[in-house]
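Structural characterization, general
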Amino acid sequence: MTLIQERMRMLRRTAIVLLLITAIPAVGQEQERWSFRHRLEIRANYRDSDEARFQLRFPFPPEMLRPGRTAGFLETVDPGSHGELSVVSLQLDAAYGDWFAARAKVHVQDKYRRNPTSGDKQVDAEELFVRIGPKPEFLDRPEGTSFFVQVGKAPKMERQPLRLLESYGVAATAFNRFEDLQVLSGGTIGRNFYWRVQVANGNPLYFRDTNALAGDNGVRELLRPNPDPDLNSGFPILYNAEAEGWGFRTDRLQLGEGLGYRWQNAARDLGFDLIVFHYRRTLEDEANLTGTFYGGDLDLLDGVGGISLPVTSREKKEYGGRLYAEWREGTFIAQFTKQNIAGLQREGIEGEVGYRLPLSFGPRVGVEPLIQSIQPAVRWSELTNRFRGPREFVAPSVWWNWKKLDYGVRIAFAKNADLTIERSRHSISAPGKPAPHETLVTLRVRV
């Protein structure tokens, strides 16, 4: 019997026993009621991306180059100023007290989430799961020991519970930005300690730009003679891409574990949530991804034309921690992740802080003032790669060391609308110091 089969059998037995134990107090209690919620969200953006370019040493045949060029480049995905509708999403939630929950979150368009290229699906489910048992969120704590099982597509256990800006840091982009298809079990020991055990398909390894748009690498347009695609490659980093498909692959599942502690004072104006985690899986020879003819996992690391990164194994491991803290109207989020991909080592760290200033300003919209609050925020993130590849590798940006500063302000309006204005600045350890800075303005309306 394999380790995965043993873990699955143990997980099933534990789930049955703990569900029976936690169900006992419910006998004889007043019947819980069903609750249903929905949220429609629309986001429109103004984006101004600075133009940057880096000449590659990869020996492209002349027919693979853009018209009039003699060399290939990494360059800003879509430079200049643009106005665009980035996403329309609908979230549906159903719950039966604390004992059952289901969610379906579907987006249309989502130009900034396309995974891994602009050729990705236009309509997709970000989250789609069912859960049995209470799963406290943020700083909430149950009355006592609890247990849950959750099945479906859901965020990674260590992902930050909220974002103060619309952009992402390089560490979040690299490691935990996208959801995965998983069976997640967990619970609390008392009110404060909690644990997680996960069996998942694992996010396929691919590469994307660190700004709003992923960039187009491996799209069909590039198969034509002297292609001239609308979007460029960007300056891609390796990242855990969104899970593909809806069936569990029992041959190469990812195993994950987490331990956490959450605390909040009696006044509920000071608290924190700390989790440490670990993941392990075997890389596929080639992970198929929608929108690109490149393969993920080992096929990506093998490169093009026999020019490969120095891989030494098939194993992919990650471990790290995430801290979420609140103090009155202030929020602080920090995370650290160390990753080993087939012998290629790297680590990421980032911290984000913001403070919400409640206001009542401007003309009234119904019974509310137009401006409800202003929240300035700043994020610092770094990605350090402990490996190097051949100079001729098709995307040398995957081993560049990266520092990214994001800063901005979110203005909350009446009627569930807000405006986020932010600027991203990059410091990259690469020849020529490319600087793909970006300004992003996001209008978000929620119903």
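Rules behind the numbers
- Residues numbered from 1 in each chain as written.
- Predicted model: local features only at pLDDT ≥ 70, side-chain atom pairs only at ≥ 80, totals over all residues.
- Heavy atoms only, no water.
- Helix = DSSP H or I, 4+ residues; strand = E, 2+ residues; numbered from the N terminus.
- Rg over C-alpha atoms; globule rule 2.2 N^0.38 Å.
- Buried < 20%, exposed > 50% of the residue type's maximum accessible area, 1.4 Å probe, protein only.
- Areas by Shrake-Rupley, 256 points an atom, 1.4 Å probe, with all protein chains shown as cover.
- Lys, Arg positive; Asp, Glu negative; His and termini not counted.
- Charge placed at Lys NZ, Arg CZ, Asp CG, Glu CD.
- Core = buried A, V, L, I, M, F, W, Y, C linked by side-chain atoms within 4.5 Å.
- Contact = heavy atoms within 4.5 Å.
- Patch = residues over 30% accessible without salt bridge, like charges linked within 9 Å, V, L, I, M, F, W, Y side chains within 5 Å.
- Salt bridge = Lys/Arg side-chain N within 4 Å of Asp/Glu carboxyl O.
- Phe/Tyr/Trp six-rings, centres within 6.5 Å; stacked < 30°, edge-to-face > 60°.
- Lys NZ or Arg CZ within 6 Å of the ring centre and 35° of its normal.
- Pairing = 2+ DSSP bridges.

Here we look at the overall build of the protein
For the protein, the count of helices and strands is three helices and 21 strands. Compactness check: the protein gives a C-alpha radius of gyration of 23 Å against a globular reference of 22 Å for 447 residues, within 12% of the reference. Projected onto its principal axes, the C-alpha positions of the protein cover 75 × 70 × 35 Å. Across the 447 residues in the protein, those meeting the buried criterion constitute 51%. Roughly 20500 Å² of accessible area belongs to the protein as shown, and the carbon and sulfur atoms make up 58% of that amount. Charge separation in the protein, taken as the distance between the mean sites of 60 positive and 56 negative side-chain charges, equals 3 Å.

Focus: the nonpolar core
Within the largest apolar cluster, 39 residues are counted, with the highest numbers of intra-cluster contacts made by Leu 238, Leu 301, Leu 309, Phe 393, Val 398, Trp 400 and Trp 402. Secondary-structure elements contributing two or more residues to this core are α2 (170–175), β10 (205–208), β11 (237–240) and α3 (298–301). Residue contributions to this core peak at four residues, all from α2. Among residues more than four places away in sequence, those in contact with Phe 393 are Leu 300, Leu 301, Gly 303, Ile 307, Ser 308, Leu 309, Val 398 and Trp 399. One finds Phe 148, Met 157, Ile 275 and Tyr 279 within the second-largest nonpolar core, a separate group that totals seven residues.

A closer look at the side chain of Thr 384
Topologically, Thr 384 is positioned in strand β18 (residues 368–385). Thr 384 sits in the buried class, given a relative accessible area of 19%. The contact partners of Thr 384, leaving out residues within four places of it in the chain, are Arg 346, Glu 347 and Asn 401.

Some thoughts on a nonpolar patch on the surface
Together, Leu 40, Ile 42, Leu 85, Leu 90, Leu 92, Leu 443, Val 445 and Val 447 give the surface a local cluster of nonpolar side chains, amounting to about 610 Å² of exposed area. The element that contributes the greatest number of residues to the nonpolar patch is strand β4 (residues 80–96), accounting for three residues. With respect to the helices and strands, Leu 40 occurs in strand β1 (residues 34–49).

Quick notes on the environment of Glu 347
Considering the arrangement of structural elements, one finds Glu 347 in strand β16 (residues 344–355). With relative accessibility at 17%, the residue Glu 347 sits in the buried group. Separated by 176 residues in sequence, Glu 347 and Ala 171 place their C-alpha atoms 8.0 Å apart. With residues near it in sequence (within four places) discarded, Glu 347 still touches Phe 175, Phe 336, Thr 337, Lys 338, Glu 382, Leu 383, Thr 384 and Arg 386.

A short note on the packing of aromatic side chains
Applying the stated rule across the entire model yields 19 aromatic pairs. The rings of Trp 34, Phe 36, Tyr 96 and Phe 100 are connected pair by pair, giving a single aromatic cluster. Directly above the ring of Phe 73 sits Arg 53, whose terminal nitrogen or CZ lies 4.8 Å from the centroid. When the ring centre of Tyr 194 is taken as reference, the NZ or CZ atom of Arg 262 above it lies at 4.4 Å.

Points about unusual backbone geometry
Of all residues except glycine, most have a negative phi; of all peptide bonds, most are trans. The linkage connecting Asn 115 with the following residue, Pro 116, adopts the cis geometry, with an omega of 5 degrees. Structurally, Pro 116 is set in the loop between β5 (100–108) and β6 (123–132). Phi is positive for Asp 297, which is not a glycine, with a value near 60 degrees. Relative to the helices and strands, Asp 297 is located in the loop between β13 (270–282) and α3.

Structural notes on the pairing of strand β14 (residues 315–327)
Examined bridge by bridge, β13 and β14 share 13 bridges and lie antiparallel to one another. Bridge pairing links Ile 275 to Arg 322 in β14. Where β14 meets strand β15 (residues 330–341), 12 bridges bridge the pair, whose relative direction is antiparallel. Considered in β15, the bridge of Gly 321 is made with Phe 336. If you look at the hairpin formed by β14 and β15, you'll find two residues sitting between the two strands, and Arg 328 has a positive phi there, around 55 degrees.

Topic: the pattern of salt bridges
One pass over the full model with this rule turns up 45 salt bridges. Across the salt bridge formed by Glu 84 and Arg 47, the nearest N and O atoms sit 2.8 Å from each other. Here Glu 84 is found in strand β4, whereas its partner Arg 47 is found in strand β1, with 37 residues between them in sequence. A single burial state applies to Glu 84 and to Arg 47, both of which are buried. A salt bridge links Glu 347 to Lys 338, with the nearest nitrogen and oxygen atoms 2.9 Å apart. One salt-bridge network, in which partners are shared between bridges, spans Arg 39, Glu 41, Arg 43, Arg 163, Glu 166, Arg 410, Asp 418, Arg 444 and Arg 446.

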